[in-house]
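# Notes for the structure review
Letter by letter, the chains look like this.
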Amino acid sequence: MAATAILNGALWRLPAGLLADRFGGRKVFIAMLVATAVPTFLVSQADSFALLLVLAFLAGFAGNAFSVGIAWNSAWFPRERQGFALGVFGAGNVGASVTKLIGPTLIVAVPSLTIAGLSFGGWRFVPLIYAVLLLSMAAAVWLLTPRQDRTPGKGRPLREMLRPLREVRVWRFSLYYVVVFGAYVALSAWLPKYYVDVFDVPLATAALLTALFIFPASLLRPLGGHLADRFGARVVMYATFGVMLVASGILMMPYGYIVIRVAETVEPSGAREVLPYQLNVVTFTALVFLVGVAMGVGKAAVFKHIPEYFPNDVGAVGGLVGTLGALGGFFLPPMFAYLQSWTGMPQSTFFVIFVLTLVSAVWMHLTIHRMLHRRSPELSGSIELPAGETDTAPSARETDAVLRESAARP
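Fair warning: this is a prediction, and the values are worked out from it, not measured in the lab.

So, on to the overall build of the protein. For the protein, the helix and strand inventory stands at 17 helices and four strands. Contacts in the protein between residues at least 24 apart in sequence constitute 80% of all its contacts with a sequence separation of at least 6. Here the protein has roughly 20,500 Å² of accessible surface; of this, 69% comes from carbon and sulfur atoms.

Below, the discussion takes up helix α11 (residues 203-219). For α11, spanning 17 residues, the distance from its first C-alpha to its last is 24 Å, which sits close to the expected 24 Å at 1.5 Å a residue. Among the residues of α11, A206, L209, T210, A211, F213, I214, P216, A217 and S218 are the ones counted as buried.

The next thing to look at is the nonpolar core. Ranked by size, the top nonpolar core spans 87 residues in total, and within it F213, F284, M295 and F350 carry the most contacts. Looking at this core, the element that brings in the most residues is helix α10 (residues 168-199), giving 17 residues. Ignoring sequence-local partners within four residues, the contact set of F284 consists of L191, Y194, Y195, F199, L251, Y255 and F350.

To continue, consider the side chain of T36. Structurally, T36 can be placed in helix α3 (residues 25-43). In this structure T36 touches A59, F61, A62 and L134, once residues within four positions along its chain are discounted.

What follows concerns the packing of aromatic side chains. Two measures describe an aromatic ring pair: the distance that separates the ring centres and the angle between the ring planes. Within this structure, the stated rule accounts for 23 aromatic pairs. Ring geometry for Y177 and F181: centres 5.0 Å apart, planes at 10°, overall stacked. One end of the pair, Y177, and the other, F181, are both in helix α10, four residues apart, so they sit about a helical turn from each other. A relative accessible area of 7% places F181 in the buried class. Among the aromatic residues, those joined into a ring-pair cluster are F29, F66, W72, F89, Y177, F181, Y184, F213 and F303. Directly above the ring of W142 sits R147, whose terminal nitrogen or CZ lies 5.0 Å from the centroid.

We now examine unusual backbone geometry. Although it is not a glycine, D200 sits at a positive phi angle of roughly 55°. Mapped onto the elements of the fold, D200 is located in the loop between α10 and α11. Judged by relative accessible area, which is 68%, D200 ranks as exposed.

Under the criterion given, the structure shown has five salt bridges. The residue K304 makes a salt bridge to D229 at a minimum N-O spacing of 2.8 Å. Separated by 75 residues along the polypeptide, K304 in helix α14 (residues 281-309) and D229 in helix α12 (residues 221-231) bring together distant segments of the chain. Residues participating in the shared-partner salt-bridge network are D229, K304 and E308.

A few words on the packing of helix α2 (residues 13-23) against helix α15 (residues 314-343). Packing of α2 against α15 leaves a shortest axis separation of 7 Å and a crossing angle of 160°. As summarised for this structure, α2 and α15 are arranged roughly antiparallel, according to the angle between their axes. The way α2 lies across α15 gives a crossing that is right-handed. Touching R13, L14, G17, L18 and D21 of α2 are V314, G315, A316, G319, L320, G322, T323 and A326, all from α15. Here the contact of α2 with α15 is built from residues that sort into six nonpolar, five polar and two charged.

So, about the environment of L191. Secondary-structure assignment places L191 in helix α10. Spatially, the C-alpha atom of L191 lies 9.6 Å from that of A211, the residues being 20 residues apart in sequence. Here L191 is in contact with T210, F213, F284, V288 and F350, once residues within four sequence places are set aside.

Okay, the side chain of Q82 next. By the secondary structure assignment, Q82 is in helix α6 (residues 79-90). For Q82, a relative accessible area of 8% corresponds to the buried category. In this structure the side chain of Q82 is engaged in a polar contact, spanning 3.2 Å, whose partner is the backbone oxygen of F77. Sequence-distant contacts of Q82, defined by excluding residues within four places in its chain, comprise S74, F77, D229 and P307.

A cluster of nonpolar residues, V98, L101, I102 and L208, forms a patch on the protein surface that exposes about 320 Å² of accessible area. Along the chain, the position of V98 falls in helix α7 (residues 94-109).

In the predicted model, the protein carries a mean pLDDT of 83, and 87% of its residues have values of at least 70. Taken element by element, the protein is modelled with least confidence in helix α17 (residues 396-408), mean pLDDT 49, and with most confidence in helix α13 (residues 233-251), mean pLDDT 95. A low-confidence stretch, residues 382-398 (pLDDT under 50), is modelled with ten contacts involving residues beyond four sequence positions or located in other chains.

How each quantity is defined
Residues numbered from 1 in each chain as written. Predicted model: local features only at pLDDT ≥ 70, side-chain atom pairs only at ≥ 80, totals over all residues. Heavy atoms only, no water. Helix = DSSP H or I, 4+ residues; strand = E, 2+ residues; numbered from the N terminus. Contact = heavy atoms within 4.5 Å. Areas by Shrake-Rupley, 256 points an atom, 1.4 Å probe, with all protein chains shown as cover. Expected span 1.5 Å × (residues − 1). Buried < 20%, exposed > 50% of the residue type's maximum accessible area, 1.4 Å probe, protein only. Core = buried A, V, L, I, M, F, W, Y, C linked by side-chain atoms within 4.5 Å. Phe/Tyr/Trp six-rings, centres within 6.5 Å; stacked < 30°, edge-to-face > 60°. Lys NZ or Arg CZ within 6 Å of the ring centre and 35° of its normal. Salt bridge = Lys/Arg side-chain N within 4 Å of Asp/Glu carboxyl O. Axes fitted to C-alpha atoms, helices over the stretch in contact; angles between N-to-C directions. Parallel < 35°, antiparallel > 145°, perpendicular 65-115°, else oblique. Left-handed = near helix turned anticlockwise from the far one by under 90°. Nonpolar A, V, L, I, M, F, W, Y, C, P; charged D, E, K, R; others polar. Polar contact = N/O pair within 3.5 Å; in protein donor to acceptor, adjacent residues only side chain to side chain. Patch = residues over 30% accessible without salt bridge, like charges linked within 9 Å, V, L, I, M, F, W, Y side chains within 5 Å. pLDDT = per-residue confidence, 0-100.

Quick look at the structure:
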């Protein structure tokens, strides 16, 4: 049921982004909030699993509002502030964390409630609250945001709006987002069970420890956007991938020890165990926290790329990137499960994340190297400057400008 909601929250991000570019983010955002409130309310009255599944699928449509908000925000902010603005908007992901913490409390606090002959006790109270919040937010957007809507896609044919999706870099950005967002969604759902199975902690404790991963992965998006504005998105992505590779590389190592055969006069069993390796729950949580920090910063940096390269197509490009990233959150948990079943090692979860991160980092580095070589081939074999010359290497922002200029050439 949860996966179904996630799936529908990914499928329509591209069309939603296109609609935002063509008709304006404000109008589309309000329409999505109101449309999502209806199935969310009906979830509270579901009386069968089949109906609950259908309504959960429809309520998951809310996830597509992300690409609408990205297109809407980027249209209102100048280039030097877009990273931070998109990071602040993206920090709304923390709502998923808040739900995990306050949902059980609400269920216990409202054991029975009847309004107009309809029952809203227990778990049924939560979708009622969310329906009210969705409608309240729709009213707030209608009343408090500027009525003028910016529509970079107005009057443009659909084929032209979709043309940027042919570029390889769009799919490369999508892979980055699978790493920093798709894996975040997957780990958010997977970690509680991991804690219970591997460290034998109570489920309530596992949920709290998982929150230590979820909160930085959501709340640090504004910081990631600010860093991308100041130092360039690629510098931030290098740091993100570097931290994730180190942390996941340690987390994926299987627990165990080396067995050395020795004489029975030395060891009665004829074998000696050496170099034991096993992470305790504190070290594991610290490493997972680092992964969450890197993901939170990296998510903002990925979307900083989009208005840089595609200022008039943020809806389409952001929609595709968001779609593939969210689909990663849908497909990664089954991959975790199958790989753990095949290997018998729960640490294989982080092997998947390590490989995805490594592929993304290598692809990014090779692409940057190729673009710089095309721009300045005379420097491709140089490591040190000629004698007497000073280091006048361009800043990260200047390098980004050079790369944008190269990309714009036929």
